Amino acid sequence: MVRNESPNAALLPWKATPGRLRDILRPAGQPAVTIPRNDAGLEMCVAWHVRHMCSSQCSRQRDHKAHSTGERARLLAWCRATLPTTTTDTSA
């Protein structure tokens, strides 16, 4: 496992999203959820940025870095639209 030592505080409402992210991103019997892309056009690693941990074998490990302002905004908007929260989102 690798750890995000500089997480984005705005994403904390989704850190403890119940269940496995993989089940949210690829729900059984439904189309896969579209994952936001970073400025390089690569899919963002939702686990790294939202849960602050990820596999060292992650296929999206090139996104295991701090995001630009635009990337942070895209991921925050995606989380608000896609993930259930466990705490209050006060970053609006």
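Up top is the structure.
Fair warning: this is a prediction, and the values are worked out from it, not measured in the lab. (Residues numbered from 1 in each chain as written. Predicted model: local features only at pLDDT ≥ 70, side-chain atom pairs only at ≥ 80, totals over all residues. Heavy atoms only, no water.)

**Student:** Looking at this structure, I do not really get the overall build of the protein chain. What am I missing?
**Tutor:** Summing up its helical and strand segments, the protein chain has three helices and two strands in all. The C-alpha radius of gyration computed for the protein chain amounts to 12 Å, which stays within 12% of the reference 12 Å derived for 92 residues, consistent with globular compactness. Counting over 92 residues, the protein chain shows a buried share of 33%. Considering only residue pairs separated by 6 or more positions, the protein chain has 63% of its internal contacts joining residues 24 or more positions apart. As displayed, the protein chain offers around 5700 Å² of accessible surface, 53% of which is attributable to carbon and sulfur atoms. (Helix = DSSP H or I, 4+ residues; strand = E, 2+ residues; numbered from the N terminus. Rg over C-alpha atoms; globule rule 2.2 N^0.38 Å. Buried < 20%, exposed > 50% of the residue type's maximum accessible area, 1.4 Å probe, protein only. Contact = heavy atoms within 4.5 Å. Areas by Shrake-Rupley, 256 points an atom, 1.4 Å probe, with all protein chains shown as cover.)

**Student:** Where do I start with the nonpolar core in this structure?
**Tutor:** Where a protein is soluble and globular, its nonpolar side chains tend to be buried together. Counting residues in hydrophobic clusters, the biggest one holds 14 residues, and the most contacted among them are Leu 11, Trp 14, Val 50, Trp 78, Cys 79 and Leu 83. Among the elements of the structure, α1 (21–25), α2 (46–51) and α3 (69–82) are those that each provide at least two residues to this core. Top contributing element to this core by residue count: α3, with four residues. Beyond its immediate stretch of four places on either side in the chain, Trp 78 contacts Leu 25, Val 33, Thr 34, Ile 35, Pro 36, Val 46 and Leu 83. (Core = buried A, V, L, I, M, F, W, Y, C linked by side-chain atoms within 4.5 Å.)

**Student:** Would you mind showing me how to read the pattern of salt bridges here?
**Tutor:** Note on pairing: side chains with opposite charge can pair once their charged atoms come close. One pass over the structure, following the stated rule, counts five salt bridges. Of the charged contacts, one joins Arg 60 and Glu 43 as a salt bridge, the two residues approaching to 2.8 Å between their closest N and O atoms. Placement of the pair is Arg 60 in the loop between β2 (53–54) and α3 and Glu 43 in the loop between α1 and α2, with a sequence separation of 17 residues. Using a relative accessible area of 23% as the deciding quantity, one classes Arg 60 as partly exposed. For Glu 43, a relative accessible area of 28% translates into the label partly exposed. (Salt bridge = Lys/Arg side-chain N within 4 Å of Asp/Glu carboxyl O.)

**Student:** Even after reading the chapter, I still don't get the side chain of Asp 63, so can you show me in this structure?
**Tutor:** Residue placement: Asp 63 occurs in the loop between β2 and α3. Buried and unpaired, Asp 63 has no salt bridge, with Lys 65 as the nearest side chain of opposite charge at 4.6 Å. Among residues more than four places away in sequence, those in contact with Asp 63 are Asn 38, Glu 43, Met 44, Cys 45, Trp 48 and His 49. (Lys, Arg positive; Asp, Glu negative; His and termini not counted.)

**Student:** Is there a simple way to think about unusual backbone geometry in this case?
**Tutor:** Of all residues except glycine, most have a negative phi; of all peptide bonds, most are trans. In this model, His 52 sits at a positive phi of 70 degrees, which is unusual for a non-glycine residue. Positionally, His 52 belongs in the loop between α2 and β2.

**Student:** Even after reading the chapter, I still don't get the environment of Leu 75, so can you show me in this structure?
**Tutor:** Structurally, the position occupied by Leu 75 is in helix α3. Here the alpha-carbon distance between Leu 75 and Leu 11, two residues 64 residues apart in the chain, equals 8.5 Å. What Leu 75 contacts, discounting residues up to four positions off in sequence, is Leu 11, Pro 36, Met 44, His 49 and His 67.

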